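Topology and contacts: notes
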Amino acid sequence: MDSPERGIRLADYEAVVGSAVLDELRVVASRVEGLRLQNINSTAVGGGVAEILTRMVPLLKELGVQASWDVIKGDQRFFDVTKALHNAMHGKAETITPQMIECYRDTTAANLRNMTFGGDVVWIHDPQPAGLIEAKKNGGKWVWRCHIDVSSPDARAWQFIAPFVDRYDASIFSMPDFAQRLSIPQFMVAPSIDPLSDKNRELDQGFIDSVLEKYGLDPERPVMTQISRFDRLKDPLGVIAAYRMVRKRHDCQLVLAGGDAPDDPEGAEVLKEVREAAGDDPDIHVLPLPPYSDLEINALVRGSTVVFQKSVKEGFGLTVSEALWKRKPVIGGAVGGIRLQIIHGVTGYLVHSPAGAAQRAMQLLGDPALRKRMGDSGYMHVKQNFLLTRHVKDYMLVLLALDHPGEDIVHLC
Ligand code: UDP
């Protein structure tokens, strides 16, 4: 996979994060230079993993790591199985039948036959390609990078995945709450956003207004937005319920924007439910967006007054950092990695119900000074913790640690 956004160079990040951060990156890079790092996931577009790899791979390459990115192939049935597995690992009760396990094993076997595994390190993202560990006999170190909230997985789903995971050399989870009982080392690395990508870079007000206009939004009236795949774990119906409560007291518009991911077969069904729930309310804008709508998503968030991420389960939720970076207060479900990004009462509000989300939205809509204060704090929080430069450094440090098994201290100079 290659990034559609070419032309962003490491040096360009200096204006955002300062030269010391880049100097540090170059020092760490000098210790892992030349290493071949093969990433494998299950989709080239749609969802946070593809979003991260799109920007991570070119930056690693520029730092001298020979990073590459491959995507496994699977049919609709396989992705039905892996979506059920994904939901179950998030803790949802799902039935994992012997037929589903057979389908997973068959597709894994086909990918094992058709792919080449050539890295010094093979970095496998999430459960869909986890079974590729069978190829480990070809050498190299294998790392399982889990992006899911596995703090309380369905026991049978975890029992299915864990024997694969235990054969890796190491695992990476997004936060300590997700750590597991495993026989292999576990690293904690939070995801990140790219401040220079089309999704996040600064935009002219004229462009923002033109996008709002294109989608029938009135820039003079408050806009509340959630950007997410149409997935029940993102609770779009809860957002609509919250909006309806807010509407009794405040004039406002709601945007629910999201696209498909080829590895998420439930999207069309959830989109239908969302459309039914929205009914004929002209102020609810349900926007299914094609892949690579990054500038438009950026503009929709920048044109918003308040952003929701009302997930009921969430590995991280890049959309939260994306909105905080744009100085928007975020109202998010008090789950998973959202809790790393929303500091309650400082960068936004953590909520447990549509009523809670509505109450916080009303508070924010009625208080521009509070929105400004929270927006500024959110921007700083992301700058300090959730930018790509920190993420790239953490990944290079994991590569370095893999090269020094059992050592507590690795000297860089
Ligand atoms: N996204 C997008 N188009 C959409 C919906 C989402 O580009 O229609 C992006 C969103 O901006 C974010 C990523 O997809 O960068 C979603 O990542 P997140 O971690 O929030 O959730 P995931 O989909 O991985 O569960």
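Just so it is clear, the model here is predicted, and its values are computed rather than measured.

The rules behind the values
Residues numbered from 1 in each chain as written. Predicted model: local features only at pLDDT ≥ 70, side-chain atom pairs only at ≥ 80, totals over all residues. Heavy atoms only, no water. Pairing = 2+ DSSP bridges. Helix = DSSP H or I, 4+ residues; strand = E, 2+ residues; numbered from the N terminus. Axes fitted to C-alpha atoms, helices over the stretch in contact; angles between N-to-C directions. Core = buried A, V, L, I, M, F, W, Y, C linked by side-chain atoms within 4.5 Å. Buried < 20%, exposed > 50% of the residue type's maximum accessible area, 1.4 Å probe, protein only. Contact = heavy atoms within 4.5 Å. Patch = residues over 30% accessible without salt bridge, like charges linked within 9 Å, V, L, I, M, F, W, Y side chains within 5 Å. Areas by Shrake-Rupley, 256 points an atom, 1.4 Å probe, with all protein chains shown as cover. Salt bridge = Lys/Arg side-chain N within 4 Å of Asp/Glu carboxyl O. Polar contact = N/O pair within 3.5 Å; in protein donor to acceptor, adjacent residues only side chain to side chain. Near = heavy atom within 4 Å. Nonpolar A, V, L, I, M, F, W, Y, C, P; charged D, E, K, R; others polar. Phe/Tyr/Trp six-rings, centres within 6.5 Å; stacked < 30°, edge-to-face > 60°. Lys NZ or Arg CZ within 6 Å of the ring centre and 35° of its normal. Left-handed = near helix turned anticlockwise from the far one by under 90°.

1. Topic: the sheet that holds strand E3 (residues 121-125)
- The six strands lie next to each other as E2-E1-E3-E4-E5-E6, forming an open sheet whose pairing is parallel. The outermost strands of the open sheet, each flanked by one partner alone, are strand E2 (66-71) and strand E6 (186-188). When the angles between neighbouring strand axes are averaged without regard to direction, this sheet yields 20°.
- For E3 and strand E4 (residues 141-145), the ladder comprises five bridges, and the chain directions are parallel.

2. Overview of the nonpolar core
- One finds Leu60, Trp123, Leu300, Val392 and Met396 to be the most contacted residues of the largest nonpolar core, which totals 71 residues.
- Not counting chain neighbours up to four residues away, the residues in contact with methionine 396 comprise Leu25, Val28, Ala29, Val32, Leu60, Leu63 and Val65.
- One finds Ile72, Met89, Ile96 and Met115 within the second-largest nonpolar core, a separate group that totals 39 residues.

3. Comments concerning a nonpolar patch on the surface
- A cluster of nonpolar side chains, namely Val27, Leu397 and Leu412, defines an oily patch on the protein surface of about 190 Å² accessible area.
- Assignment of secondary structure puts valine 27 in helix H2 (residues 19-30).
- Of the residues examined, valine 27 reaches a relative accessible area of 34% and is grouped as partly exposed.

4. Some thoughts on the environment of aspartate 283
- By the element assignment, aspartate 283 lies in the loop between helix H9 (267-278) and strand E9 (284-288).
- Classification of aspartate 283 as buried rests on a relative accessible area of 12%.
- Filtering out sequence-adjacent residues up to four positions away, aspartate 283 remains in contact with Arg221, Tyr243, Arg247, Cys252, Gln253 and Leu254.
- In this structure the side chain of aspartate 283 is engaged in a polar contact, spanning 2.8 Å, whose partner is the side chain of arginine 247.

5. Observations concerning the site of the ligand
- Around the ligand, 16 residues are found, and the nearest of them are Gly48, Arg229, Lys234, Gly259 and Glu322.
- In this structure, an oxygen atom belonging to the ligand sits 2.7 Å away from a side-chain N or O atom of lysine 234.
- Between an oxygen atom of the ligand and a main-chain N or O atom of glycine 259, the distance comes to 2.4 Å.
- In the complex, the protein chains occlude 87% of the 540 Å² of accessible area that the ligand would expose alone.
- For the shell around the ligand, the elements supplying multiple residues, two or more each, are helix H3 (48-62) and helix H11 (318-325).
- If you tally residues by element for the shell around the ligand, the top one is H11, at three residues.
- Across the shell around the ligand, the residue classes break down as three nonpolar, seven polar and six charged.

6. Overview of the environment of arginine 373
- Tracing the sequence through the fold places arginine 373 in helix H14 (residues 368-385).
- Overall, the relative accessible area of 53% leaves arginine 373 in the exposed class.
- Separated by 302 residues in sequence, arginine 373 and valine 71 place their C-alpha atoms 42 Å apart.

7. A word on the packing of aromatic side chains
- The full count for this structure, using the stated rule, is 12 aromatic pairs.
- Pairing phenylalanine 78 with phenylalanine 79 gives two aromatic rings, centres 5.2 Å apart and planes at 65°, and the pair type is edge-to-face. Phenylalanine 79 shares its class with phenylalanine 78; the two are buried.
- Among the aromatic side chains, those forming a connected cluster through ring pairs are Phe78, Phe79, Tyr104, Phe160 and Phe164.
- Over the aromatic face of tyrosine 379 sits the side chain of arginine 327, whose NZ or CZ is 3.9 Å from the ring centroid.
- Here the guanidinium or amino end of arginine 360 rests over the ring plane of tyrosine 349, the centre of that ring lying 4.1 Å away.

8. Some points on the pattern of salt bridges
- Under the criterion given, the structure shown has 31 salt bridges.
- Residue glutamate 314 pairs with lysine 234 through a salt bridge whose shortest N-O separation is 3.0 Å. Taken as a pair, glutamate 314 in the loop between strand E10 (306-309) and H11 and lysine 234 in the loop between strand E7 (223-227) and helix H8 (236-247) lie far apart in primary sequence, 80 residues in all. Each member of the pair, glutamate 314 as well as lysine 234, is classed as buried.
- Through salt bridges with shared partners, a single network forms among Lys83, Arg229, Asp231, Asp264 and Glu266.

9. Comments concerning the pairing of strand E11 (residues 330-333)
- Bridge count between E10 and E11: three bridges; the pairing is parallel. Residue pairing for E11: phenylalanine 308 is matched across the bridge by isoleucine 331.
- Bridge count between E11 and strand E12 (residues 348-351): four bridges; the pairing is parallel. Bridging across to E12, valine 330 finds its partner in glycine 348.

10. Here we look at the packing of helix H4 (residues 76-89) against helix H5 (residues 98-114)
- Following both chains from N to C, one finds H4 and H5 inclined at 115°, their axes separated by 9 Å at the closest point. Seen from above, H4 lies across H5 with left-handed handedness. Contacts from Arg77, Phe78, Val81, Thr82, Ala84 and Leu85 of H4 reach H5 at Gln99, Met100, Cys103, Tyr104 and Thr107.
- Here the residues of the contact of H4 with H5 are counted per class, giving seven nonpolar, three polar and one charged.

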